[in-house]
Number of protein chains: 2
Amino acid sequence: MSPTETLHFEELAVGDTFETGGRTVTRAEIIAFADRYDPQPFHVDAEAVEDSVFDELVASGLHTMALANRLATDDFYARTSVMGGTGIEEANFLAPVRAGDTLSVCVEIVEKRPSASKPDRGLVTVEQTVSNQDEETVLTLRITSFFGRRSASEE
Amino acid sequence: MSPTETLHFEELAVGDTFETGGRTVTRAEIIAFADRYDPQPFHVDAEAVEDSVFDELVASGLHTMALANRLATDDFYARTSVMGGTGIEEANFLAPVRAGDTLSVCVEIVEKRPSASKPDRGLVTVEQTVSNQDEETVLTLRITSFFGRRSASEE
């Protein structure tokens, strides 16, 4: 990819949207992630689910965030001058994610501002809307990252 | 563990704190997580770091959140009647996490309220303050979950 094809701070406009491809979540991956990072019975143990508020094994919310981030990285961040994240404003777990679900993400630019102290970068906030194969929204997320400015990279 | 030892909604008081044990992050784990969920060059490629704003390989912010969640689960959530998370109010990536860093978490109860519609549970918001071995705060995070009420489990 030539430098001119990378989307810098200047080219990201509030209201722009980027649709990612889809990814199907497997039962093995739900259990592997949760076993390592979120070992609640309802994420790792099919029998324990019966004693929970869920009707079957559900993915950790952090796992859903991680899967969404991978999709957003492949189809949005990798095309940009992103330099790193500063934080997540909010993440809302709206519906369970189950084995066999296929997730995709709509990334929308919702806010941008130049860095007050560093002229080579700006802050861009995106909203990620994560949906399953039934077009049900399972997660919404706002995250802010630094993006390099074109003027800086052309110097 | 007997039912009376599980901390229910009623026993979680605003201001209560829970300190977790520590966990050292390895370089292999930083790369494995990022390779799967956050494949930015500065998370997976030691040479690409030279072209980034970081001085060496840093963990994905999502990885730091996941590691913190594991510590908080082992030393807080597993002792409680937690039923699942509703969302993250904010997460602030304040300092890089590097291979060899040892993370620990202070979990503080910052807000609680009964569920308006479901008498068997209540909502509790905790703040997680994640520190490294130098007592530098690397991440702060507010997350809200449902916790079962004692009255419900005793019925």
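Before reading further, recall that the structure is shown in the block above.
The numbering scheme is per chain: residues are counted from 1 as the chain's sequence reads. Going through the entries in the order they are written, you letter the chains from A and number the ligands from 1. Local features are withheld for residues below a pLDDT of 70 in this predicted model, meaning they are given only at 70 or higher, and side-chain atom pairs are given and counted only at 80 or more; totals for whole chains, interfaces and linings count all residues. Calculated side-chain values reflect all of the structure's heavy atoms, with hydrogen atoms and water omitted.

A. Here's a closer look at the pattern of salt bridges. By salt bridge we mean one thing: a side-chain nitrogen of Lys or Arg within 4 Å of a carboxyl oxygen of Asp or Glu. The final tally for this structure, using the stated rule, is 18 salt bridges over all chains. A salt bridge links R121 of chain A to D120 of chain A, with the shortest nitrogen-to-oxygen separation between them at 2.9 Å. Here's how the labels work: a residue is buried when its accessible area is under 20% of the maximum for its type, exposed when over 50%, partly exposed in between, all with a 1.4 Å probe on protein chains only. By relative accessible area, R121 of chain A is classed as buried at 12%. Residue classification places D120 of chain A among the partly exposed positions, given a relative accessible area of 27%. With its nearest N and O atoms 2.6 Å apart, the salt bridge here joins E11 of chain B to R150 of chain B. Pair noted here: E11 of chain B is in the segment before β1 (17-19) and R150 of chain B is in helix α4 (residues 150-154), with a separation of 139 residues, a long-range link. Judged by its relative accessible area of 33%, E11 of chain B falls in the partly exposed class. Strands are runs of DSSP state E lasting at least two residues, helices are runs of H or I lasting at least four, and both sets are numbered from the N terminus onward.

B. Representation of the nonpolar core in the model. In this text, buried Ala, Val, Leu, Ile, Met, Phe, Trp, Tyr and Cys residues form a nonpolar core when linked through side-chain atoms within 4.5 Å. In terms of nonpolar packing, the biggest core is built from 70 residues, with M65 and F76 of chain A together with M65 and F76 of chain B touching the most fellow members. Here, residues are in contact when the closest pair of their heavy atoms is within 4.5 Å. Dropping the residues within four chain positions of it, M65 of chain B is found in contact with L62, M65 and I88 of chain A together with I88, A91, F93, L139 and L141 of chain B.

C. Spatial organisation of the interface of chain A and chain B. The interface is formed by 35 residues belonging to chain A together with 35 residues belonging to chain B. Summing the contributions of chain A and of chain B, the shared interface buries around 2700 Å²; its carbon and sulfur component is 58%. Take the accessible area each of two parts loses on contact, using a 1.4 Å probe, and add the two losses: that sum is the buried area. It is Y37, I88 and F93 of chain A in chain A that bury the most area against chain B; as a group they hold 22% of the surface buried on that side. In this structure, the connection of chain A to chain B is made through 2 salt bridges. Among the salt bridges present, the one from E29 of chain B reaches R36 of chain A, with a minimum N-O distance of 3.7 Å. Any pair of nitrogen or oxygen atoms within 3.5 Å is treated as a polar contact; in protein, a donor-acceptor pairing is required on top of that, and neighbouring residues in sequence qualify only through side-chain atoms on both sides. Across the contact surface, chain A and chain B share 18 residue pairs in polar contact (both at pLDDT 80 or more). If you list the elements that add at least two residues to the side of chain A that touches chain B, you get α1 (27-37), α3 (61-75) and β3 (82-93) of chain A. Of all the elements, β3 of chain A adds the most residues to the side of chain A that touches chain B, at 12 residues. Charged residues are taken to be Asp, Glu, Lys and Arg, nonpolar residues to be Ala, Val, Leu, Ile, Met, Phe, Trp, Tyr, Cys and Pro, and polar residues to be all remaining types, Gly included. Across the side of chain A that touches chain B, the residue classes break down as 16 nonpolar, 9 polar and 10 charged.

D. View of the relation of the copies chain A and chain B. Least-squares superposition of the copies uses the C-alpha atoms of those residues scoring a pLDDT of at least 70 in each of them. When chain A is fitted onto chain B, the two copies agree to an RMSD of 0.0 Å after a turn of 180 degrees and an axial shift of 0.0 Å. Expressed as a symmetry operation, the mapping of one chain copy onto the other fits a two-fold axis. Of the C-alpha atoms belonging to chain A, the one lying closest to the rotation axis is found on E90 of chain A, 2.6 Å away. A share of 100% of interface residues in chain A that are also interface residues in chain B marks the association as one of identical surfaces.

E. Region of the structure containing a negative patch on the surface. Patch membership is restricted to residues that have no salt bridge and whose relative accessible area is over 30%. Joining uses 9 Å for like charges and 5 Å for the nonpolar side chains Val, Leu, Ile, Met, Phe, Trp and Tyr. Each accessible area value is a Shrake-Rupley result obtained with a 1.4 Å probe; residue values ignore everything except the protein chains displayed when judging cover. A residue counts as positive if it is Lys or Arg and as negative if it is Asp or Glu; His and the chain ends are not included. For this purpose, a charge sits on NZ of Lys, CZ of Arg, CG of Asp or CD of Glu. There is a patch of like negative charges on the surface, built from E89 and E90 of chain A together with E89 and E90 of chain B. Only β3 of chain A together with β3 (82-93) of chain B provide two or more residues apiece to the negative patch. Counting through the fold element by element, E89 of chain A comes out in strand β3. Here E89 of chain A falls in the partly exposed class, since its relative accessible area comes to 34%.

F. Inspection of the pairing of strand β5 (residues 121-131) of chain B at higher detail. All names here are of chain B. In terms of residue burial, β5 counts as a mostly covered element, since 9 of its 11 residues are buried. In the sheet, strand β4 (residues 102-114) pairs with β5 via 10 bridges, with the strands oriented antiparallel. The partner of K112 across the bridge, within β5, is V124. In this description, strands pair whenever DSSP reports at least two bridges between them. Once β4 ends, the chain turns through 6 residues before running back antiparallel as β5. Here 11 bridges tie β5 to strand β6 (residues 137-148), and the two strands are oriented antiparallel to one another. Bridging from a neighbouring strand, R121 pairs with G148 of β6.

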